Amino acid sequence: MYNFLSGLSILEVSSFVASPTVGLYCGQFGAEVIRVDHKEGGLDYDRFMLADNGRSLAWENLNRAKKSVALDLRSGEGRELCVELAGKIGQCVTNLPEKSFLSHAAMAEGREDMISVRIMGWHDGRQAMDFTVNAAAGYPLMTGPAEWDPATAPPVNQLMPAWDFLTGAYCAFTLLAALRHRDATGEGAEIRVPLGDVAIGTLANSGTMAEMLHRGADRERLGNAIWGAFGSDMITRDGVRFMVAALTAKQWDGIVEAFGLSQEIAALEAEFGVRFADGDTPRFKHRDRLLALFQGVASRLDYAELERRMAAAGTTYERYRTPFEASQDPVLVGQNPLFGHTPDNPSGVDYPVARSFANMPDRPRGEPRRAPYLGEHTEEVLAETLGLSSGEIGRLMDSGVAAPSDEGRDYSKIRTLP
């Protein structure tokens, strides 16, 4: 954790991935992030996969370093308290609909400099989630083996919710931009970021949209080859599959040296009248013939020997791992200063925990912080942020409008799948 955002408080009323990511990143830089949930947990509180005690591992990791307030958000008084918190704090991140009780207008009443960042589905108000916007943007129909028939080939979904995480990061950026603007002008801001616009906008920003319109058709499937350059997966004699990439002259020289193919490459250059060292275009155009040469060498060597050669030649490569293997890898995780531990996780599970992705060599990253128990900070926030008396807080607790920490509650029997 870094403390660059120390002194900044953010209200978060959210669920699932994109919206909680905003608070996660800000919390890793020292912001006080107060997450408000319905007193029985939000829509994502029991999101699969669950630990043995029934607590969600996904929720636990997306809500680290946050404070948790549990209110009855189905009651008028609970909703009023949530809106009051937003106005008091002055900045709120949410993925609740604009027409919900937590509209910008409601939060900004009496607070003209209110900043709200709202994650939406589509720009026209339709609902969306990562998998549906990914389908709309076209990426699942760009992946798959090259030999698949374009007319009948199925889509291939990506497992990581990339648009959710990209949207969360973009919203953290817009929040800080709005805060900077408010510091300079005193003006608040209502910001809406549709998940679908992040997906289709990225299609445009990457040049893919221009490419498709320019060519007047879709790009062919390439399997695991890299589009526009030379790179692909290969398999060694002992069955290890790995990925190699050559986008620069140095990378190209490295792979040719590692595989010992200087003469064969020269013969292929003479055949085609090109120089593969000149750039991506000749390498990509003749990728199939090149891949056959490199795969031929890989098929005659065990991975340990080929890896030794690639490392010595400065080749850009990596073997394929399963997520389970990656999680136990000593270089990726075990010896990586990115990771720490929070043994007091609500789930009761001990595992590596990521610190801030940013690394500042002259500043210690600090230890990661655990996720809160639901409602762990309800009384603290109602007292310190809203200034409620102990008697008023007691009344809210007794009436069920607010709820205390659920620490000690075992959800295993409630949430166990049949």
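### Points about the packing of helix 1 (residues 18–28) against helix 6 (residues 162–185)
Relative orientation of the contacting elements helix 1 and helix 6 amounts to 50°, with a least axis distance of 7 Å. It follows that helix 1 is oblique to helix 6 by the angle criterion. Note that helix 1 runs across helix 6; the crossing there is right-handed. Packed against helix 1, whose contacting residues are Ala18, Thr21, Val22, Tyr25 and Cys26, the element helix 6 presents Asp164, Phe165, Thr167, Gly168, Ala169, Cys171, Ala172 and Leu175 at the interface.

### Digging into the side chain of Asn134
Among the structural elements, Asn134 can be located in helix 5 (residues 130–137). A relative accessible area of 1% places Asn134 in the buried class. Polar side-chain contacts of Asn134 include one of 2.9 Å to the side chain of Trp163. Residues contacting Asn134, with those up to four places away along its chain left out, are Tyr139, Pro140, Asn157, Gln158 and Trp163.

### Digging into the packing of aromatic side chains
Across all of its chains, the model carries 15 aromatic pairs by this definition. Ring centres of Tyr45 and Tyr411 lie 6.0 Å apart, and the angle between their planes is 85°; this geometry places the pair in the edge-to-face category. Remark: Tyr411 occurs in the loop between strand 12 (402–403) and helix 18 (412–415) and Tyr45 occurs in the loop between strand 2 (32–38) and helix 2 (57–62); sequence separation between them is 366 residues. Note on accessibility: Tyr45 and Tyr411 belong to one class, buried. Each residue in the set Phe230, Trp252, Phe259, Phe276 and Phe294 is aromatic and connected to the rest through ring pairs, giving one cluster.

### A look at the sheet that holds strand 5 (residues 115–120)
Spatially, seven strands are ordered 6-5-4-1-2-3-12 in an open sheet, and the strand pairing comes out mixed. In this open sheet, the two strands that pair with only one neighbour each are strand 6 (189–194) and strand 12. In this structure, strand 1 (residues 9–13) lies alongside strand 4 (residues 91–94), joined through three bridges in parallel fashion. The residue bridging Val13 from the neighbouring strand is Thr94, located in strand 4. Across the sheet, helix 6 is in contact with strand 1, strand 4, strand 5 and strand 6; its angle to strand 5 comes to roughly 160°. The strands touched by helix 7 (residues 195–205) are strand 5 and strand 6; relative to strand 6, the strand with the most contacts, the crossing angle is about 65°.

### Thoughts on the environment of Leu175
Structurally, Leu175 is set in helix 6. Assessed through its relative accessible area of 0%, Leu175 is described here as buried. Those residues in contact with Leu175 that lie beyond four places of it in its chain are Ile10, Cys26, Gln91, Val93, Ile115 and Val117.

### Focus: unusual backbone geometry
It is generally the case that most residues other than glycine have a negative phi and that most peptide bonds are trans. A cis amide bond links Phe48 to the next residue, Met49, at an omega of 15°. Positioned with a positive phi, Phe16 is a non-glycine residue whose angle comes to about 70°. You can see Phe16 is positioned in the loop between strand 1 and helix 1. The phi angle at Ala65 is positive, at roughly 60°, despite the residue not being glycine.

### Section: the sheet that holds strand 7 (residues 230–235)
Here we have three strands laid out as an open sheet, ordered 7-8-9, and antiparallel in their pairing. Each of the sheet's edge strands pairs with one partner strand only, and the pair in question is strand 7 and strand 9 (316–319). Each adjacent strand pair in this sheet contributes to an overall mean axis angle of 15°, direction not counted. Pairing analysis gives six bridges linking strand 7 to strand 8 (residues 241–246), with the strands arranged antiparallel. Considered in strand 8, the bridge of Phe230 is made with Ala246. The strands touched by helix 12 (residues 287–298) within the sheet are strand 7 and strand 8, with strand 7 carrying the most contacts at an inclination of about 35°. Helix 13 (residues 303–312) contacts strand 8 and strand 9 of the sheet and is inclined by roughly 155° relative to strand 9.

### So, the state of the cysteines
One pass over the structure, following the stated rule, counts zero disulfides. In this structure Cys92 is a free cysteine whose sulfur lies 6.7 Å from that of Cys82, the closest cysteine sulfur available. The buried category is assigned to Cys92, whose relative accessible area is 1%. With no disulfide of its own, Cys171 has Cys26 as its nearest cysteine by sulfur position, at a separation of 10 Å.

### What about the pattern of salt bridges?
A full pass over the atoms with the stated rule returns 30 salt bridges. The partner of Arg35 in a salt bridge is Asp37, with the nearest N and O atoms 2.7 Å apart. Note on accessibility: Arg35 and Asp37 belong to one class, buried. A salt bridge links Arg241 to Asp233, with the nearest nitrogen and oxygen atoms 2.9 Å apart. Connected through salt bridges with shared partners, the residues Glu12, Arg35, Asp37, Asp44 and Lys66 form a single ionic network.

Parameters and conventions
Residues numbered from 1 in each chain as written. Predicted model: local features only at pLDDT ≥ 70, side-chain atom pairs only at ≥ 80, totals over all residues. Heavy atoms only, no water. Axes fitted to C-alpha atoms, helices over the stretch in contact; angles between N-to-C directions. Helix = DSSP H or I, 4+ residues; strand = E, 2+ residues; numbered from the N terminus. Parallel < 35°, antiparallel > 145°, perpendicular 65-115°, else oblique. Left-handed = near helix turned anticlockwise from the far one by under 90°. Contact = heavy atoms within 4.5 Å. Buried < 20%, exposed > 50% of the residue type's maximum accessible area, 1.4 Å probe, protein only. Polar contact = N/O pair within 3.5 Å; in protein donor to acceptor, adjacent residues only side chain to side chain. Phe/Tyr/Trp six-rings, centres within 6.5 Å; stacked < 30°, edge-to-face > 60°. Pairing = 2+ DSSP bridges. Disulfide = S-S within 2.5 Å. Salt bridge = Lys/Arg side-chain N within 4 Å of Asp/Glu carboxyl O.

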